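# Geometric and topological summary
Residues per chain are reported as follows:
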Amino acid sequence: MHEFFRPVIQNALRSAGITTDKPINIEQPADKKFGDFSTNIALLAAKECRRNPRELAQNIIPHLTFPPDTIAKVEVAGAGFINFYLAPLFIMQSVEQVLVEGNEYGKGKIGKGEKAVVEYVSANPTGPLTIGRGRGGVLGDCIANLFEAQGYEVTREYYFNDAGRQMQILGESVRLRYLEHCGKTIEFPATHYQGEYIGEIAKEMYQDHGTTLADSNELQVFKKRAEEIIFTSIRKTLDRLSIRHDSFFNEHTLYLPDEKGITPNQRVIDALRKNGFITEYDGATWFQTTSLGQEKDKVLVKSSGEPSYRLPDIAYHITKFERGFSIIVNVFGADHIDEYPDVIEALKILGYDTQRIKIAINQFVTTTVDGQTLKMSTRKGNADLLDDLIDDVGADATRLFFIMRGKDSHLNFDVELAKKQSKDNPVFYLQYAHARICSLLRMALQEIGFDPSSSADLHLLQLLDSPAELQLGFALLDYPTMLKTSLRMLEPQKMVEYLHSLAEHFHRFYQECPILKAEPDIAKARLLLSLATRQVLRNGFRILGVSAPESM
RNA sequence: GUGCCCGUAGCUCAAUGGAUAGAGCAUCAGCCUUCUAAGCUGAGGGUUACUGGUUCGAGUCCAGUCGGGCGCACCA
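Described in the following lines is the structure provided in the data block. (Residues numbered from 1 in each chain as written. Chains lettered and ligands numbered in written order. Predicted model: local features only at pLDDT ≥ 70, side-chain atom pairs only at ≥ 80, totals over all residues. Heavy atoms only, no water.)

## A word on the nonpolar core
I60, F147, F413 and L544 are the most contacted members of the largest nonpolar core, which has 140 residues in total. With 11 residues, helix α19 (residues 520–544) is the single largest residue contributor to this core. Counting residues in hydrophobic clusters, the runner-up holds 26 residues, among them V301, I314, A315 and L347. (Core = buried A, V, L, I, M, F, W, Y, C linked by side-chain atoms within 4.5 Å. Buried < 20%, exposed > 50% of the residue type's maximum accessible area, 1.4 Å probe, protein only. Helix = DSSP H or I, 4+ residues; strand = E, 2+ residues; numbered from the N terminus.)

Right under this line is the structure:
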């Protein structure tokens, strides 16, 4: 809709002889009495034109030329806003569009021909997924959906590392527990993984191998088995939430030499060195971030000769550029907040267009059970498990609760609320609207033989003109804009809010307007409006990954 | 100490620099012999943590203060 107004206003400014370099903003006033849309261009341009904003607005209005039957009223209000009121006919014609386009309604083409990569979860296989990871997973999945809805070719990627120190400790942890099963007395270090799952893996290995592995100091067998089991469990958990990935990128590949015998990691070092950002001291190789104004240099290669995580991380991002992605999105939790600035700096030095990289950071999750707030704890056995939460409240509530707050807000996950089968629970509020429409349509088929697949009577929608109907119709035509806004902000929460208000508009319409008892043409028109609402709810639910129940 | 995020109704949270700061829950008052009341309508509830600044206009941007969270490894 914003694209509908912008050129018209642009032309009006020109023919009114007003020149300004200010952007033409199209807003949707919070209060409907200020119109369906408004622009503040007269306020912005007033200063450089040396004119009173209201007077300027009055001068612009006669030059606005809209297509017929689209705009009902244009007026100047407040300090100099120009407010637009849509014609009822225009609104209802837009509703027809919803029904014509169906599942495709709302989708855009701005990403056509562009490749985007969205990286999320990326947990190393050292233990089961925690609730905190779940939030990032759902956020990433929804963001990927938003990109797809605008026509991007999206790769959903999971970056992991099955080498490295943490995995070493994992193997060691399993081995120690295994030795316990073999009857040995061991000392289990506090630095190792404490979770019960370690013992379970060890037990399985004991059952398969007896004590035959006890004398070997070889960690590999323990590590391998642990990795397999844990990765399988992670993917199972993600699957329960319909979180999927197209690509699993193993950090290990960055340690492998190419045809010329050079590893991607080494190439990064070489390139940074050529630019004068590599120094060596204390036996290690450093990224000289002090010359970028930071307090300390950052280790790229440890004195042991192994790269630190930072180096492959840079190399990894280079592969994203080399693989032709024009948009690179990274989703991660607040605990990784310090991770990306160095990567960005390095990429900038190496000449990559870092504007293409978008970072979505989600703040932490606390859970409330029985009014008691529990804090997430890491690397202890008592971290809250995502699987337990899904068991408790179900996949739909888990997904929706994770994204119903802005990603920058700390999320307080009220487990009791998520379980409630009542109106307090936002999941039910949304799904109920959908189920209610389904029920209505079933009844309509029975009572008046309404055929939802027929498009013959679409024009009847134009009969509708009550406030409740028009507001619902307006909400429907707002959907494509919301999708774009949500993507621009990398914020699926906007969609949750939108769908909530859409459901609200529907419930009000349903309350105020009798449907099956209305005269036949009106009844059909209202059923079509309901059908369009159901369509938009479904399309929105698909973006959020929430199911659309036919009855409740 | 320092980097990032947050501070808005009793609670959980909204508000692309715009108009009288909004929802839900909770509280109170109404609406079912009628298409799902898991719904709708209405009322009360605010010095947007504080102090300055920027401008036609600030919850929003800038500086500082006070609170809370997360980081600040030759772990990832």
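## Observations concerning the sheet that holds strand β8 (residues 278–281)
Backbone-to-backbone hydrogen bonds pair the strands of a sheet. The strands run either parallel or antiparallel. Taken in spatial order, the three strands of this open sheet run β8-β9-β10, and their pairing is antiparallel. This sheet does not close on itself; its edge strands, each paired only once, are β8 and β10 (298–301). With strand direction ignored, the average angle separating the axes of adjacent strands in the sheet is 45 degrees. One ladder, built from four bridges, connects β8 with strand β9 (residues 284–287); its direction is antiparallel. Bridging from a neighbouring strand, Y281 pairs with A284 of β9. Along the sheet, helix α9 (residues 264–274) makes contact with β8, β9 and β10, crossing β8 at roughly 105 degrees. (Pairing = 2+ DSSP bridges. Axes fitted to C-alpha atoms, helices over the stretch in contact; angles between N-to-C directions. Contact = heavy atoms within 4.5 Å.)

## What about the protein's contact with RNA strand B?
Taken together, 65 residues surround RNA strand B, and among them E27, K33, Y432, R436 and K517 come closest. A share of 63% of the atoms of RNA strand B within 4 Å of the protein falls on sugar and phosphate groups. Between RNA strand B and the protein, one listed contact pairs a sugar or linking oxygen with a side-chain N or O atom of R405 at 2.9 Å. Within the residue set of the surface near RNA strand B, elements represented by two or more residues are β1 (26–27), α2 (41–49), β4 (81–86), α6 (164–181), α15 (426–448) and α18 (493–512). Taken together, the residues of the surface near RNA strand B break down into 24 nonpolar, 20 polar and 21 charged. (Near = heavy atom within 4 Å. Polar contact = N/O pair within 3.5 Å; in protein donor to acceptor, adjacent residues only side chain to side chain. Nonpolar A, V, L, I, M, F, W, Y, C, P; charged D, E, K, R; others polar.)

## Thoughts on the sheet that holds strand β2 (residues 37–39)
Strands sit in the order β1-β2-β4-β3 across an open sheet of four strands; the sheet is antiparallel. Of all the strands in the sheet, the pair left with one neighbour each is β1 and β3 (71–77). Strand direction decides the pairing type here: β1 and β2, joined by two bridges, are antiparallel. Bridge pairing links I26 to T39 in β2. Against the sheet, helix α3 (residues 53–60) engages β3 and β4, with an angle of about 155 degrees to β3.

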